[in-house]
Amino acid sequence: MECDTEQHSADNRWDREPVGPSDSTQERWRVTLARQHSTSHLSDSAVSEYWIESDVIAINVWWELRPLPREQNIESKFQSLAKTWRADTEHASSVSRMIAHPSYLAIIKLGSQYPNEVVALILKELRRRPDYWFVALETITGQRLSKTDGDFDDERRAWLKWGKNRGYL
Amino acid sequence: MPRSRYLESRFPKLRSTHYSVTSNRAVRYNCVAWVFGDRRRDWDLLRYWPSKTELGDTIASMVAFFRSFGFETCLLDKSLEPGVDKIALYRKNGTVEFSHVACQQPDGTWSSKLGKGRDISHDTLECLEGDVLDEYGTVAVIMKWAI
């Protein structure tokens, strides 16, 4: 079995090799730590057994790959998309270009599947880090709170008030 | 304000140019609003468009937009002329898309609002060309407005 080795420092080294078959819910690895008698980076529940051979600790561990709860999945996906969108559109000159970004469109799509969760996430983001979330909010909620004069702060305040009144914030 | 490593990572030509950051990050206004001194909203097709010119974000539509406020094209003459306000319109490379506008200051340097980010003062127009996302492109048109 091929061994996967990572060099952490000059004195600490660990080798790992897969043990048995892996599937989408479970992976099993044998991890051998050389010249390191600490298992602090492993959670207790992950350690099934260990033994000491001279200066080496060998540990059998396995990780259970559990799907994230739905709310965490949505938040994680939203944060990832929002981060990409923010970075890629930081210097864009027009809102139409910002909202045509694939990550922004993906957030709107996510919002069409999970409106309550995504609206809450967008409103929290809008409160913490002002940005052009208005089109996404309008599209997902069907509400239109913008005025014709385009004042950013007024519209942001209106959406935060709307979100607070409906229990999103 | 000091130089910005972040901006230099996005606009590599800034590293070899004299420039200074002149404001904090502000999402609420864009480069077009900045030309007119409006710091509370984006001047954009979807936000606020105080002109009857055709809606669009091409160079041609933006030239028409600025013309409606009295600006005239002057090819690529970026020289400093007393009593004349000049603006430089950038076009995304290989397209007809308008990407940015910078305005000349009384001392001949240029001032830009970089999207949702900061305002900067910069000595050259070229320092914003060649950004890593290939977003700003190159200067396509200079326009002037006689005071």
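Residues numbered from 1 in each chain as written. Chains lettered and ligands numbered in written order. Predicted model: local features only at pLDDT ≥ 70, side-chain atom pairs only at ≥ 80, totals over all residues. Heavy atoms only, no water.

Chemist: So what's going on with the overall build of chain B? Which residues, and what values?
Modeler: The helix and strand inventory of chain B stands at 3 helices and 7 strands. By the compact-globule yardstick of 15 Å for 147 residues, chain B fits well, its C-alpha radius of gyration being 14 Å. Residues counted as buried form 52% of the 147 residues belonging to chain B. Within chain B, contacts between residues at least 6 apart in sequence are counted, and of these 57% link residues at least 24 apart. As presented, chain B carries roughly 6,800 Å² of accessible surface, and 54% of it is formed by carbon and sulfur atoms. The centroid of the 21 positive side-chain charges in chain B is displaced by 6 Å from the centroid of its 19 negative side-chain charges. (Helix = DSSP H or I, 4+ residues; strand = E, 2+ residues; numbered from the N terminus. Rg over C-alpha atoms; globule rule 2.2 N^0.38 Å. Buried < 20%, exposed > 50% of the residue type's maximum accessible area, 1.4 Å probe, protein only. Contact = heavy atoms within 4.5 Å. Areas by Shrake-Rupley, 256 points an atom, 1.4 Å probe, with all protein chains shown as cover. Lys, Arg positive; Asp, Glu negative; His and termini not counted. Charge placed at Lys NZ, Arg CZ, Asp CG, Glu CD.)

Chemist: Mind laying out the pattern of salt bridges, listing which residues take part and the relevant values?
Modeler: Within this structure, the stated rule accounts for 18 salt bridges over all chains. Here R40 of chain B makes a salt bridge to D151 of chain A, at a shortest N to O gap of 2.5 Å. Placement of the pair is R40 of chain B in the loop between α2 (31-35) and α3 (59-67) and D151 of chain A in the loop between α5 (134-141) and α6 (152-165), with the two residues belonging to separate chains. Residue D151 of chain A is classed as buried on the basis of its relative accessible area, which comes to 10%. D38 of chain B is the partner of R41 of chain B in a salt bridge, and the nearest nitrogen-oxygen pair spans 2.7 Å. What makes R41 of chain B buried here is its relative accessible area of 11%. When salt bridges that share partners are traced, they join R86, E125, R128 and R129 of chain A into one network. (Salt bridge = Lys/Arg side-chain N within 4 Å of Asp/Glu carboxyl O.)

Chemist: Outline the nonpolar core, listing residues and values.
Modeler: Of all hydrophobic cores here, the largest spans 32 residues; its most connected members are I122 and W133 of chain A. Secondary structure elements with two or more residues in this core: α1 (70-89), α2 (95-99), α3 (102-113), α4 (115-128), α5 and α6 of chain A. Broken down by element, the residue count for this core peaks at 7 residues, all from α4 of chain A. Beyond its immediate sequence surroundings of up to four residues, I122 of chain A is in contact with F78, I107, W133, A136, L137 and I140 of chain A. Counting residues in hydrophobic clusters, the runner-up holds 23 residues, among them Y29, W43, I59 and F66 of chain B. (Core = buried A, V, L, I, M, F, W, Y, C linked by side-chain atoms within 4.5 Å.)

Chemist: Account for the pairing of strand β3 (residues 84-91) of chain B, with residues named and values stated.
Modeler: Residues and elements named next belong to chain B. Most of β3 sits out of view: 6 of its 8 residues are buried. Of the strand pairs in this sheet, β3 and strand β7 (residues 138-146) are connected by 8 bridges, and their pairing is antiparallel. Bridging across to β7, V84 finds its partner in A146. Pairing of β3 with strand β4 (residues 98-104) involves 5 bridges; the strand directions are antiparallel. Within β4, the residue paired with A88 across the bridge is A102. Remark: 6 residues form the turn of the hairpin made by β3 and β4, two consecutive strands paired antiparallel; G94 in that turn has positive phi of roughly 75 degrees. (Pairing = 2+ DSSP bridges.)

Chemist: Please set out the interface of chain B and chain A residue by residue, giving values where relevant.
Modeler: In this complex, chain B contributes 29 residues to the contact, which on the side of chain A involves 25 residues. For the interface between chain B and chain A, the tally reads 8 salt bridges. For E90 of chain A, the salt bridge identified is with R25 of chain B, shortest N-O distance 2.8 Å. Put simply, chain B and chain A have 22 residue pairs in polar contact (both at pLDDT 80 or more) between them. For the side of chain B that touches chain A, the secondary structure elements donating two or more residues are α1 (5-10) and β4 of chain B. (Polar contact = N/O pair within 3.5 Å; in protein donor to acceptor, adjacent residues only side chain to side chain.)

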